[in-house]
Amino acid sequence: MTRAILACLALSLTAVGCASPATEYCDVKCDCNGCSAENYDECVITYESRLDKADIYGCTNKFDDLHDCIMRKSDCALGNNVFDEAALACADDYLDLDSCERDGSARR
């Protein structure tokens, strides 16, 4: 998260804005699959909630790894389930995030 904020700040002199991981994810998902405005908003809220949970449990780096993997592996050519293939390809990152969050919740 800190890296993303610093990147946004560094680019703020030349860029209009900096996309959050949630908007980046939902833009790609909705561009590929089609979304209503309500579906897009729900996607962003759900994704931001997942990031918030990772932050709470000290797993932001694991979330970032998963996000990066999904964004690299997603492909519109896969059709309506554009992220299914990415989810399979990023299974280790999903498991790492889940494990980190379980460990973090056990400490609280």
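Note that the coordinates shown come from a computational prediction; the quantities given were computed from them, not determined experimentally. (Residues numbered from 1 in each chain as written. Predicted model: local features only at pLDDT ≥ 70, side-chain atom pairs only at ≥ 80, totals over all residues. Heavy atoms only, no water.)

## Section: the packing of aromatic side chains
We describe a pair of aromatic rings using the distance from one ring centre to the other and the angle between the two ring planes.
At step 1: Tallying each qualifying case throughout the model produces two aromatic pairs.
At step 2: Between Y25 and Y47, the ring centres sit 4.3 Å apart and the planes meet at 10 degrees, which makes this aromatic pair stacked. Residue Y25 is found in helix 2 (residues 21-33), and its partner Y47 is found in helix 3 (residues 37-56); the two are separated by 22 residues along the sequence.
At step 3: Note on Y47 and F63: the rings are 5.4 Å apart at their centroids and 65 degrees apart in plane angle, and the pair reads as edge-to-face. In this pair, Y47 sits in helix 3 while F63 sits in helix 4 (residues 60-73), placing the two residues 16 residues apart along the sequence.
At step 4: The rings of Y25, Y47 and F63 are connected pair by pair, giving a single aromatic cluster. (Phe/Tyr/Trp six-rings, centres within 6.5 Å; stacked < 30°, edge-to-face > 60°. Helix = DSSP H or I, 4+ residues; strand = E, 2+ residues; numbered from the N terminus.)

## A closer look at the packing of helix 2 against helix 4
At step 1: Across the interface, helix 2 lies against helix 4 with an axial gap of 11 Å and an inter-helix angle of 25 degrees. Of the possible angle classes, the one that applies to helix 2 and helix 4 is roughly parallel. Relative to helix 4, the crossing made by helix 2 is left-handed. Judged by residue contacts, P21, E24, Y25 and V28 of helix 2 engage F63, H67, I70 and M71 from helix 4.
At step 2: Considered class by class, the residues forming the contact of helix 2 with helix 4 number six nonpolar, one polar and one charged. (Axes fitted to C-alpha atoms, helices over the stretch in contact; angles between N-to-C directions. Parallel < 35°, antiparallel > 145°, perpendicular 65-115°, else oblique. Left-handed = near helix turned anticlockwise from the far one by under 90°. Contact = heavy atoms within 4.5 Å. Nonpolar A, V, L, I, M, F, W, Y, C, P; charged D, E, K, R; others polar.)

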